[in-house]
Amino acid sequence: EHSCSNWRKKKRKHIEPLTMPHKLESLVNDRWLVFVCAMWIQSVAGVGYLFGGSMSPAIKTALGYNQKQIALLGVAKNLGDAIGFVSGALSEVSPSWVVLLVGATQNLFGYGVVWLVVTGLLPDLPLWMLFVAIFVGTNGETYYNTASLVSCIHNFPESRGPVVGILKGFSGLSGAILTQVYLMFNPSHDSSVILMVAVGPPLVVLALLLIVRPLERSCRTNQRSDDLRFLAVYGFCLVLAVYLLGILVLQSLIDVTKTMITASGAILVVLMVIPVLVPFASVFISGNDNNSTLMKPGEGASNVDQNEVKTLIERSDIKRRAPCIGEDFTLLQALGQADFWLIFMSLVLGVGSGITVIDNLGQICYSLGYNNTKVFVSLISISNFLGRVAGGYFSELIIRKLSFPRTLAMSAVQAIMSLGLIYYAIDWPWKIYVVTIVIGMGYGAHWAIAPASASDIFGLKSFGSLYNFQITALPIGSFVFSGVIASNIYDYYARKQAGATSETEPLVCTGSVCYSVTCGLMSVVCLMAMVLSLSVVYRTRKFYLRLHRVSKT
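Residues numbered from 1 in each chain as written. Predicted model: local features only at pLDDT ≥ 70, side-chain atom pairs only at ≥ 80, totals over all residues. Heavy atoms only, no water.

Draft legend 1. Examining a nonpolar patch on the surface more closely. Nonpolar side chains collect at one region of the surface, where L72, V75, L79, I83 and F85 lie side by side and expose about 370 Å² of accessible area between them. If one sorts the elements of the nonpolar patch by residue count, helix 5 (residues 67-82) sits on top with 3 residues. With respect to the helices and strands, F85 occurs in helix 6 (residues 85-93). (Patch = residues over 30% accessible without salt bridge, like charges linked within 9 Å, V, L, I, M, F, W, Y side chains within 5 Å. Areas by Shrake-Rupley, 256 points an atom, 1.4 Å probe, with all protein chains shown as cover. Salt bridge = Lys/Arg side-chain N within 4 Å of Asp/Glu carboxyl O. Helix = DSSP H or I, 4+ residues; strand = E, 2+ residues; numbered from the N terminus.)

Draft legend 2. Up close: the nonpolar core. F35, I166, F170 and L240 are the most contacted members of the largest nonpolar core, which totals 59 residues. No other element matches the 10 residues that helix 3 (residues 31-42) contributes to this core. Both domain 1 (19-216 + 226-283) and domain 2 (327-552) contribute no fewer than three residues apiece to this core. Apart from the residues lying within four places of it in its own chain, the contact partners of I166 are F35, M39, F230, V233, Y234, C237 and V389. Counting residues in each nonpolar core, the second largest holds 57 residues, with M417, A445, A450 and F481 among its members. (Core = buried A, V, L, I, M, F, W, Y, C linked by side-chain atoms within 4.5 Å. Buried < 20%, exposed > 50% of the residue type's maximum accessible area, 1.4 Å probe, protein only. Domains from an automatic or database assignment. Contact = heavy atoms within 4.5 Å.)

Draft legend 3. Here's a closer look at the state of the cysteines. In total, this model carries 1 disulfide according to the counting rule given. Paired by a disulfide, C509 and C514 hold their sulfur atoms 2.0 Å apart. Residues C509 and C514 are joined by a disulfide whose S-S torsion is about -95 degrees; by sign, that bridge is left-handed. For the pair C509 and C514, a shared accessibility class is recorded, and that class is buried. Among the cysteines around C526, which has no disulfide bond, C519 carries the closest sulfur, lying 10.0 Å off. (Disulfide = S-S within 2.5 Å.)

Draft legend 4. Inspection of the pattern of salt bridges at higher detail. Tallied over the full model, the rule gives 10 salt bridges. In this structure, the salt-bridge partner of D227 is R400, at a minimum N-O distance of 3.0 Å. Taken together, the residues D227 in helix 11 (residues 223-253) and R400 in helix 18 (residues 374-402) connect sequence positions 173 residues apart. Judged by relative accessible area, which is 34%, D227 ranks as partly exposed. For R406, the salt bridge goes to D456, with nearest N and O atoms at 2.7 Å. Remark: D456 occurs in helix 20 (residues 431-458) and R406 occurs in the loop between helix 18 and helix 19 (407-425); sequence separation between them is 50 residues. Residue R406 is classed as buried on the basis of its relative accessible area of 1%. Overall, the relative accessible area of 7% leaves D456 in the buried class. What you see here is one network of salt bridges that share partners, running through R160, D227, E396, R400, R406 and D456.

Draft legend 5. Up close: the packing of aromatic side chains. Applying the stated criterion to the full structure yields 27 aromatic pairs. Geometrically, the ring pair formed by Y234 and Y393 is edge-to-face, given 5.2 Å between the ring centres and 80 degrees between the ring planes. Taken as a pair, Y234 in helix 11 and Y393 in helix 18 lie far apart in primary sequence, 159 residues in all. The structure contains a cluster of three or more aromatic residues connected by ring pairs, namely F85, F329, F340, W341, F344, F458 and F469. The ring of Y424 is capped by K431, whose NZ or CZ atom sits 6.0 Å from the centre of that ring. For the cation-ring pair, R541 lies above Y538, with the distance from its terminal atom to the ring centre recorded as 4.1 Å. (Phe/Tyr/Trp six-rings, centres within 6.5 Å; stacked < 30°, edge-to-face > 60°. Lys NZ or Arg CZ within 6 Å of the ring centre and 35° of its normal.)

Draft legend 6. Looking closely at the packing of helix 18 against helix 20. The N-to-C vectors of helix 18 and helix 20 enclose an angle of 40 degrees; their axes lie 6 Å apart at closest approach. It follows from the interaxial angle that helix 18 and helix 20 lie oblique. Along this stretch, helix 18 crosses helix 20, giving a crossing that reads as right-handed. Considering only residue class, the contact of helix 18 with helix 20 consists of 14 nonpolar, 9 polar and 2 charged. (Axes fitted to C-alpha atoms, helices over the stretch in contact; angles between N-to-C directions. Parallel < 35°, antiparallel > 145°, perpendicular 65-115°, else oblique. Left-handed = near helix turned anticlockwise from the far one by under 90°. Nonpolar A, V, L, I, M, F, W, Y, C, P; charged D, E, K, R; others polar.)

Draft legend 7. Highlighting the packing of helix 6 against helix 8 (residues 127-155). Between helix 6 and helix 8, the least distance of the axes is 9 Å, while the angle of their chain directions is 35 degrees. Crossing geometry of helix 6 relative to helix 8 is assigned as right-handed. Taken together, the residues of helix 8 that come into contact with helix 6 (itself represented by V86, S87, G88, L90 and S91) are T142, Y143, T146 and V150. Its residues assigned to classes, the contact of helix 6 with helix 8 comprises 4 nonpolar, 5 polar and no charged.

This is the structure in C-alpha cells:
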C-alpha cells in the first residue's frame, strides 16, 4: 500500500499525456477490456441452449430418429454441459488461451461432425458416435466458461459477485442471442443452425483468444471508479434484456418479415458492441493507466491478492499445511470442508427446484390452456438473465454494506422462490406469470451467488475446479426433481383423468392440479435449501466481518 501511495503521488507530480502507442498498450492490458471480451465469449458460449429448439428437429428429420433417440442425444448435450472437471484442472496449469483453444477445438470438431452427417457429407454414423460428437461439442463451452470466469474473477477480486453474475447472465442469454444472429442470414436449410454452432463460437473465441486472461496489477484500483463502470454495464444489461424480450415476444405473436428480422439482428449486434466504450473511455478519455501486465503462464493468479488474504486472516503462522477459510484450497481440500458441501447441497436443492419449472414450462402452459408457450419461454429466459445479474450485484452489496456472508443472498432468493412456488400451488390468479418470473430470476441468481461464495471461502487458485464441480448440481437436481418427481406426479394425474391404465396411450394432463403438487413439494425443497444456506451464513459470519473491516481500512 505504501508503494502504491508513492506511485500515485509521483503520478500526480508528473502527469504527461500518453502517446497513442502507449494508450493502445494500456487498452490491451486493461482489465475492463478483458471483462468486455469475456462478456462476448459468454454470449456465444451457451451452444447447448440451441439443441432442443433448433438442432434436434434438424437431426431428427435428416436421420429419421425417433424421440427416444433424440432424447438420448439430449442426455449427451446435458452431460457435455455439466462435466467440466478437465477444463477446471487445465485452467490451474495452463494460460487462458490454451483453455479457450481446447474449447474451440472441441466445439468445432464435435458439432462439425454432426453437421457433416446431417448434410450427408459423411455417411450415417452409429447413434453412439453422434452421442460422443455432441458430448464433445457441447463440452467445449465448459472451457469458455472456465477461462472467462477464472480470468475475470482474478482481475476483479474485489467485485466477484458482479463479475460472476454478469458473465453467467450472458451465458444464459447466449441461446437467444445466437438465434437472432442466425435468423439474420435467412438460412435455407434447417441444418444451417448446426453449422453456425460449429463455426460461430470458435471464430469469436479465436478472435479474442489472447485478450481474455488474468492480469497482474501493480496497485489497488479506485473502487468508486469501478462502481461507476459496473453501473454502466448494468444499464447496458437492462437495455439488452428489454430489447431481447421485446423481439422474442413480437416474433411469437406476429409473422415478422425478413427485413424486420435483419434490422432487429443488426441492432442487437450494435448493442453487443456498446460495452467496449467502457474500457475505451477509461483509457482514451479519462487517461487511466491500470498498469496491468500479463501473468506468466502457470503462475497462480491468486497471488495478486495473496497479501490481502494474509492480512484478512490475521494469522502469524502462514506455513501450516491445512489452509484456513479465505485461503487457497485445492478441490480435494475443499471437498473435505463442511461449508463446501453445505453450499453444494443448497445449490442442488435450489437449482433443482428451478430447473424443474424450466424443463416443464411448456407442459405447465399447455395444462393451463396456454397454446403459445414461446412468450413464457422468452420471459423465463430473460428473467434468468436478470436474476444472474441482480444476484451478483445484491450479494456484493450484502458484503460491502452489511458485512454479512454472501450466502445470505442465496437464502433470501430461495425463500422468494418458495413463495413463488406456493403461490402456484394455491392456484392464485396470474400464477403462471408469477412462477415464470420468480423462478427464472431465482434460478439465475444461484449461478451468480454460489460460485462467488466458493471463491470467497476457498480462494481463487483452484476456482476453475471448484466452479466446475458446482455445475454438477444441475444434472443431479434435474434428474431427481424433474426427471423423477415431477414426471411421475404428472403421469399419475394424467392417468387419473384419462381413466386408463395402458402405458402405451399418450398421457395428457389438464388443469392446475398437474403441477400444483409438484410446486408445493418444490416449495418445501427451497425452504430446505434456505436452511442449508443460512447454516453457511452462521458458520462464515466472522470471516465476512473481518473481510468487511479490512476492506474499509
